[in-house]
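Each chain, letter by letter, is given below.
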Amino acid sequence: IPRATNSTDAPMIESVFRVIPVERLIFFLLHPWQTWIHLTRPNNLQISSVPTIGLRRSAAEQLCQLGAAASPAVLALVPAVGDDDDTVREHAAAALENLGPPQPGDVAALAEFLKHESADVAYWAATLLGRAGHQAHEALAELNSALREDRPLAVRQRAAWALGEIGPAAQSAL
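Each value, and the rule that gives it
- Residues numbered from 1 in each chain as written.
- Predicted model: local features only at pLDDT ≥ 70, side-chain atom pairs only at ≥ 80, totals over all residues.
- Heavy atoms only, no water.
- Core = buried A, V, L, I, M, F, W, Y, C linked by side-chain atoms within 4.5 Å.
- Buried < 20%, exposed > 50% of the residue type's maximum accessible area, 1.4 Å probe, protein only.
- Helix = DSSP H or I, 4+ residues; strand = E, 2+ residues; numbered from the N terminus.
- Contact = heavy atoms within 4.5 Å.
- Axes fitted to C-alpha atoms, helices over the stretch in contact; angles between N-to-C directions.
- Parallel < 35°, antiparallel > 145°, perpendicular 65-115°, else oblique.
- Nonpolar A, V, L, I, M, F, W, Y, C, P; charged D, E, K, R; others polar.
- Expected span 1.5 Å × (residues − 1).

1. Quick word on the nonpolar core
- By size, the foremost hydrophobic cluster in this structure holds 43 residues, and its most contacted members are Leu29, Leu63, Leu77, Val78, Leu96, Leu129 and Leu143.
- Those elements that provide at least two residues to this core are helix 2 (22–30), helix 3 (54–66), helix 4 (74–80), helix 5 (86–97), helix 6 (107–113), helix 7 (119–132), helix 8 (140–148) and helix 9 (153–166).
- With 7 residues, helix 7 is the single largest residue contributor to this core.
- When sequence neighbours within four positions are dropped, the list of residues in contact with Leu77 reads Leu29, Leu63, Ala70, Ala92, Ala95, Leu96 and Leu99.

2. What about the packing of helix 5 against helix 7?
- As a packed pair, helix 5 and helix 7 sit with axes 11 Å apart at the nearest point and diverge in direction by 10 degrees. Between helix 5 and helix 7, the crossing angle belongs to the class labelled roughly parallel. Residues Ala93, Leu96 and Glu97 of helix 5 form the contact with helix 7, whose participating residues are Trp124, Leu128 and Arg131.
- Taken together, the residues that form the contact of helix 5 with helix 7 break down as 4 nonpolar, no polar and 2 charged.

3. Points about the side chain of Thr127
- Turning to its location among the elements, Thr127 is positioned in helix 7.
- When residues no more than four places from it in sequence are discounted, the contact partners of Thr127 are Arg158 and Trp161.

4. Describing the packing of helix 7 against helix 9
- The interhelical angle for the contact between helix 7 and helix 9, taken along N-to-C directions, is 10 degrees, at an axis separation of 8 Å. By the angle between their axes, helix 7 is roughly parallel relative to helix 9. Packed against helix 7, whose contacting residues are Ala119, Ala122, Tyr123, Ala126, Thr127, Leu129, Gly130 and Arg131, the element helix 9 presents Ala154, Val155, Arg158, Ala159, Trp161, Ala162 and Glu165 at the interface.
- A breakdown of the residues in the contact of helix 7 with helix 9 according to their chemical character gives 10 nonpolar, 2 polar and 3 charged.

5. Remarks on helix 7
- Helix length check: helix 7 (14 residues) gives 20 Å between terminal C-alpha atoms against 20 Å at 1.5 Å per residue, within 8%.
- By the criterion of burial, helix 7 is predominantly enclosed, with 10 of the 14 residues buried.
- Tucked into the core, helix 7 has its buried residues touching helix 4, helix 5, helix 6, helix 8 and helix 9.
- One or two residues past the end of helix 7 sits Gly133, with phi positive at roughly 60 degrees.

Purely spatial values, then, with no claim about function.
So this is what it looks like as structure tokens:
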């Protein structure tokens, strides 16, 4: 949450960020800078950008608190579990824990995340593809690759689980 210039500004500035649409939280999570707001005069906010992780942490935390309502942010949360910052990673993983199956339109992007260098990103991509069940049939080749390639054991196990969740269509891919 942005900091106020002085303590009397805090309630006004905090109220600006109290309710943020999921789309804005996704934007904040994906960009490694923070919008900083200063109250320069009464009723006049000045906005600037500074390099800090604070807003991304806050966005990840708020998405975590949204539960299933954060589902539009799935494609921002998956790479966030591979973030350099522990807090962003933890909140992103907690948010993903609360989500159900992804939208069918997210399957191709999730399949690409299986190739990510971060084992956590690949693990969560496989997890979400498994949650999609038979709707993830277009990711069979990528899941099969993740299962057979030299990937961390947790990624290979999750890819095997996801293939099982897809069902009979996955048998022909093996």
